[in-house]
Amino acid sequence: MMRREEPVARQVSTTRRAAIIPAARPGPLALIWWWRYEIGLALCVPIAAVWAMGTLGWYWVVLAVALLALLVGAVPVVRAGVWGRIRCVFTAHRIRSGCVEALVVNRRGRVPHVLWTAATPFGERAWLWCRTGTTVSDLEGATEVLAVCCLAQIVRVTAHPRYPALALVEVVREEKVWADGTGRYGRRESPLVAGRH
């Protein structure tokens with residue numbers, strides 16, 4: 001009986017919080033930080049292409065792009081690195097969206113900062129800085145929503161042993177790799193749990 005009442009109580013609490021605290025729109029600096037990879041690609045690729053065509057000629061630029069595409073397609077380590085970085089960018093956006101949907105916001109409606117996201121064998125690992133008014137326990141209560149937003153099997157949140165505002169969010173896409181702890185980034189080797197900084 002308690003199991004059915006607990007989600008209802010959490011939903012009522014979330015509904016009350018949503019009525020009082022709407023999610024705020026991010027400021028211009030936050031938007032630039034959130035979309036830094038996309039902005040960098042949109043600005044740097046055309047500028048580099050124009051410069052290279054003017055300096056080297058179109059033939060060498062086309063050859064370099066073809067060789068780069070061949071390298072990414074043919075070498076598994078490079079392909080995994082590129083795909084891992086793409087997943088990290090996607091995961092950072094989805095964590096922010098999940099925090100908005102789960103109302104992990106402070107009284108001004110601001111979500112925690114996603115400081116960095118790294119690819120791991122089991123999925124991704126993100127470091128979040130909780131703003132004043134949000135806690136790691138708020139993130140722990142939103143793991144189901146974050147898992148759905150990130151298209152993951154599970155999401156695990158761990159508090160830093162020294163800095164209470166720093167949280168490690170592990171987005172697990174390959175549960176077998178994560179659960180056995182034998183991988184390089186396995187569950188037993190989580191840097192925040194082990195106390196490494």
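### Section: the packing of aromatic side chains
Applying the stated rule across the entire model yields two aromatic pairs. Ring geometry for W58 and Y59: centres 6.4 Å apart, planes at 85°, overall edge-to-face. With relative accessibility at 59%, the residue W58 sits in the exposed group. What links up through ring pairs into an aromatic cluster is the set W58, Y59 and W60. Positioned over the ring face of W33 is R36, at 3.8 Å from the centre of the ring. The cationic tip of R85 hangs over the ring face of W116; the distance from NZ or CZ to the ring centre is 4.7 Å.

### Examining the nonpolar core
Counting 24 residues, the largest nonpolar core has I95, L139 and V169 as its most contacted members. Of all the elements in the fold, those that place two or more residues in this core are α5 (76-101), β2 (123-129), α6 (136-140), α7 (143-149), β3 (154-159) and β4 (166-172). When sequence neighbours within four positions are dropped, the list of residues in contact with L139 reads C99, V104, L128, C130, L146, V157 and A167.

### A word on the pattern of salt bridges
Under the defined criterion, the tally for this structure stands at four salt bridges. Between E124 and R173 there is a salt bridge whose closest N-O contact spans 2.9 Å. Highlighted residues: E124 in strand β2 and R173 in the loop between β4 and α8 (175-180), separated in sequence by 49 residues. When sorted by exposure, E124 lands in the same class as R173, which is buried. Put simply, R87, E124 and R173 are held in one network by salt bridges that share partners.

### So, the sheet that holds strand β1 (residues 113-120)
Backbone hydrogen bonds hold the strands of a sheet together, and the pairing may be parallel or antiparallel. An order of β1-β2-β4-β3 is seen for the four strands of this open sheet, with the pairing classed as antiparallel. With partners counted over all chains shown, the strands left at the sheet margins are β1 and β3, one partner each. The mean inter-strand angle of the sheet, taken between neighbouring strand axes irrespective of direction, is 20°. In this structure, β1 lies alongside β2, joined through seven bridges in antiparallel fashion. Bridging across to β2, A118 finds its partner in R125.

### Things to note about the confidence of the model for the chain
Chain-level statistics for the chain give a pLDDT mean of 80 and a share of 78% at 70 or above. In the model, residues 1-5 has pLDDT below 50 throughout and makes zero contacts with residues more than four positions away in sequence or in other chains. Long-range and interchain partners of residues 182-197, a stretch whose pLDDT sits below 50, account for 37 contacts in this model, where long-range means more than four residues apart.

### Here's the deal with helix α3 (residues 36-55)
In this model α3 runs 27 Å from its N-terminal to its C-terminal C-alpha over 20 residues, within 8% of the 28 Å that 1.5 Å per residue would give. Of the residues trailing α3, G57 is marked for its positive phi of about 105°.

### Re the pairing of β4
Burial analysis of β4 places seven of its seven residues in the buried class, which makes it a mostly covered element. Here β2 pairs with β4 via seven bridges, running antiparallel. Note on β4: the bridge partner recorded for W127 is L168. Taken together, the six bridges between β3 and β4 define a ladder with antiparallel strand orientation. Counted as the bridge partner of I154 is V172 from β4. Linking two consecutive strands that pair antiparallel, namely β3 and β4, is a turn of six residues.

### As for the environment of T158
Positionally, T158 belongs in strand β3. On a C-alpha basis, the gap between T158 and E170 in space is 8.3 Å, while along the polypeptide they are twelve residues apart.

Reading the values: rules and limits
Residues numbered from 1 in each chain as written. Predicted model: local features only at pLDDT ≥ 70, side-chain atom pairs only at ≥ 80, totals over all residues. Heavy atoms only, no water. Phe/Tyr/Trp six-rings, centres within 6.5 Å; stacked < 30°, edge-to-face > 60°. Buried < 20%, exposed > 50% of the residue type's maximum accessible area, 1.4 Å probe, protein only. Lys NZ or Arg CZ within 6 Å of the ring centre and 35° of its normal. Core = buried A, V, L, I, M, F, W, Y, C linked by side-chain atoms within 4.5 Å. Helix = DSSP H or I, 4+ residues; strand = E, 2+ residues; numbered from the N terminus. Contact = heavy atoms within 4.5 Å. Salt bridge = Lys/Arg side-chain N within 4 Å of Asp/Glu carboxyl O. Pairing = 2+ DSSP bridges. Axes fitted to C-alpha atoms, helices over the stretch in contact; angles between N-to-C directions. pLDDT = per-residue confidence, 0-100. Expected span 1.5 Å × (residues − 1).

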